[in-house]
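# Geometric and topological summary
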Amino acid sequence: MPLRLAQEWFAICGGCEVTILDVGEPLLDILPKLEIVHMPVLMDHKLFGQTGEKTEMEIPEADVGIIAGGIRNEENKHLAQEMRRKCKTLIAMGSCACYGGVPALANLSTVQDLYEKVYRDSVSTESNGIPNEQIPPLTDRVYAIHEVVPVDVKLPGCPTTPELFVEALTALLEGRTFALSGKSVCDECPLIREKKAVSALKRPLEPIEFTPGEPLNTVRCIMEQGYLCLGPATKAGCGGHDGVPRCIRAYMPCRGCFGPLSDTANPMVDMMGALASIGLDAKQIPDRAATFNRYAGAQGRLRPVPKGGKPS
Ligand code: SF4
Ligand code: SF4
Ligand code: SF4
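So, here's what we can say about the structure. What you are looking at is a predicted structure, and each value in this text was computed from that prediction instead of being measured. (Residues numbered from 1 in each chain as written. Chains lettered and ligands numbered in written order. Predicted model: local features only at pLDDT ≥ 70, side-chain atom pairs only at ≥ 80, totals over all residues. Heavy atoms only, no water.)

### Considerations on the overall build of the protein
Summing up its helical and strand segments, the protein has nine helices and seven strands in all. The C-alpha radius of gyration of the protein comes to 21 Å, within 12% of the 20 Å expected for a compact globule of 312 residues. Its C-alpha atoms give the protein principal-axis dimensions of about 65 × 50 × 35 Å. Here the protein, with 312 residues, has 46% of them falling under the buried criterion. Of the accessible surface of the protein, which amounts to about 16,000 Å², a share of 55% is contributed by carbon and sulfur atoms. Across the protein, the centroid of the 33 positively charged side chains sits 7 Å from that of the 38 negatively charged ones. (Helix = DSSP H or I, 4+ residues; strand = E, 2+ residues; numbered from the N terminus. Rg over C-alpha atoms; globule rule 2.2 N^0.38 Å. Buried < 20%, exposed > 50% of the residue type's maximum accessible area, 1.4 Å probe, protein only. Areas by Shrake-Rupley, 256 points an atom, 1.4 Å probe, with all protein chains shown as cover. Lys, Arg positive; Asp, Glu negative; His and termini not counted. Charge placed at Lys NZ, Arg CZ, Asp CG, Glu CD.)

### Brief notes about the site of ligand 2
Every residue close to ligand 2 is listed here: Val 185, Cys 186, Cys 189, Leu 191, Arg 193, Cys 221, Ile 222, Met 223, Cys 229, Gly 231, Pro 232 and Ile 248. Assessed atom by atom at 2 Å from the grid points, ligand 2 resides in the second largest pocket. Looking at the shell around ligand 2 residue by residue, the classes come out as ten nonpolar, one polar and one charged. (Near = heavy atom within 4 Å. 1 Å grid on protein atoms, 1.4 Å probe; cavity = no way out; pocket = protein on both sides within 12 Å on 5 of 7 lines; lining within 4 Å. Sits in = over half its atoms within 2 Å of the grid points. Nonpolar A, V, L, I, M, F, W, Y, C, P; charged D, E, K, R; others polar.)

### Looking at the packing of aromatic side chains
Evaluated as defined, the whole model comprises two aromatic pairs. Taken together, a centroid distance of 4.0 Å and an interplanar angle of 10° make the contact between Phe 210 and Tyr 251 stacked. With a gap of 41 residues between them, Phe 210 in the loop between α6 (162-173) and α7 (246-249) and Tyr 251 in the loop between α7 and α8 (267-277) connect regions that are remote in the sequence. Here the basic side chain of Arg 141 rests over the ring of Tyr 143, its NZ or CZ set 4.0 Å away from the ring centre. (Phe/Tyr/Trp six-rings, centres within 6.5 Å; stacked < 30°, edge-to-face > 60°. Lys NZ or Arg CZ within 6 Å of the ring centre and 35° of its normal.)

### Concerning the pairing of strand β1 (residues 3-9)
Counted residue by residue, β1 has five buried out of seven residues, so it is predominantly covered. Bridge analysis of β1 against strand β2 (residues 34-38) gives four bridges, and the strand direction is parallel. Residue pairing across strands places Leu 5 opposite Ile 36, the latter belonging to β2. Bridge count between β1 and strand β3 (residues 62-68): five bridges; the pairing is parallel. Bridge pairing links Ala 6 to Gly 65 in β3. (Pairing = 2+ DSSP bridges.)

### Section: the site of ligand 3
Taken together, Val 185, Thr 234, Cys 238, Pro 245, Arg 246, Cys 247, Cys 254, Arg 255, Gly 256, Cys 257 and Phe 258 are the residues near ligand 3. Taken together, the residues of the shell around ligand 3 sort by class into seven nonpolar, two polar and two charged.

### Re empty space enclosed by the protein
The probe, sized like a water molecule, is rolled over the atoms to show the empty space still left. Counted by the stated rule, this structure contains two cavities of 30 Å³ or more. Taken as a whole, the largest cavity holds about 90 Å³ of empty space. In terms of lining, the largest cavity is formed by 13 residues, of which the most central are Val 185, Cys 238, Cys 247, Cys 254 and Cys 257. Tallied by class, residues from the lining of the largest cavity come to eight nonpolar, two polar and three charged. Of the voids in this model, the second largest cavity is the one considered here, and its volume is about 70 Å³. (Points joined across faces, edges and corners; volume = space filled by probe spheres on them.)

### Considering a nonpolar patch on the surface
A cluster of nonpolar side chains, namely Trp 9, Val 41 and Leu 42, defines an oily patch on the protein surface of about 280 Å² accessible area. In this fold, Trp 9 is placed in strand β1. Given a relative accessible area of 32%, Trp 9 falls into the partly exposed group. (Patch = residues over 30% accessible without salt bridge, like charges linked within 9 Å, V, L, I, M, F, W, Y side chains within 5 Å. Salt bridge = Lys/Arg side-chain N within 4 Å of Asp/Glu carboxyl O.)

### Remarks on the layout of surface pockets
In this model, the largest pocket occupies a volume close to 520 Å³. When grouped by side-chain class, the residues that make up the lining of the largest pocket number 15 nonpolar, two polar and five charged. Roughly 280 Å³ of internal volume is contained in the second largest pocket. Lining of the second largest pocket is provided by 18 residues; of these, Cys 186, Arg 193, Cys 221, Met 223 and Pro 232 occupy positions nearest its centre. Class assignment of the residues belonging to the lining of the second largest pocket gives a composition of 13 nonpolar, two polar and three charged.

### Let's talk about the state of the cysteines
A complete count under the given rule lists zero disulfides for this structure. Take Cys 87: it sits in no disulfide, and the sulfur closest to it among the cysteines is that of Cys 98, at 16 Å. (Disulfide = S-S within 2.5 Å.)

### A closer look at unusual backbone geometry
In this structure, Pro 159 follows Cys 158 across a cis peptide bond, with omega equal to -5°. Among the structural elements, Pro 159 can be located in the loop between β7 (153-155) and α6. Even without glycine at this site, Tyr 251 takes up a positive phi of about 55°.

Shown next as structure tokens:
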């Protein structure tokens, strides 16, 4: 019997769905083992019935449900609850679903300020006021999926990696459990560390010193070179088969897209400690809360900045 699969997307960019396509050839082995019963990106399955005959949103029963995107409005919330009711195993796919992701940077503003900005104050907006019909009301903030319903498997990353997606799905198909690494990106980084910065913090756009093709294990730690790298406060797992973190492989600092080391970790505290330990001053970084929580602003990690107040 094929595994019945349902998928939904909430507050997202769609990049996590592209990750499913990026699986490439292994997808051909997996697809015959799946029966896709609901997936808005692929099929026109109506939530209120094919002729609009239902009064409540419904999805079919499934063995596995995958949600990409965080919860930004009441419709997302209702559908997350419906997915939980109808799916035996629920996967949060991508950092938006696991931690709020980039859309959760909106948690730095109140809902009223967001409405004002989008519908009244934006220079590109012809103001017709704030719509109040046919649009699901926003929730008071962006929520990670597990803040609203229990989640069985988390696949972080912005986007998550095709390897992790296949690994998790294969484990479910074979009845095995799937667990993420408890390590940090630094733990899997091959760059040379001497526990001392050789420069003060630089602007992010200044070029990193490396020779193209230079073996990674001869390059100095990017943060010790003075570039902000969130590797110390970010969960490992983006490296795929060779295990080398994917930005580091491209001689780029980690931006933290795999999210915090654990649900209860505080990336801002972890990064302040990591910077101080090699002699860098975190106070040089404007807007630290947003910088260190760029992908993880749900779970109350980001709160509205008071009017006229400065970002932390
Ligand atoms: S995690 Fe990143 S790629 Fe995935 S939906 Fe969110 S913003 Fe897009
Ligand atoms: S701070 Fe960045 S560059 Fe340095 S070891 Fe950690 S992940 Fe690698
Ligand atoms: S190195 Fe960091 S930002 Fe880059 S993919 Fe990995 S976790 Fe994401």
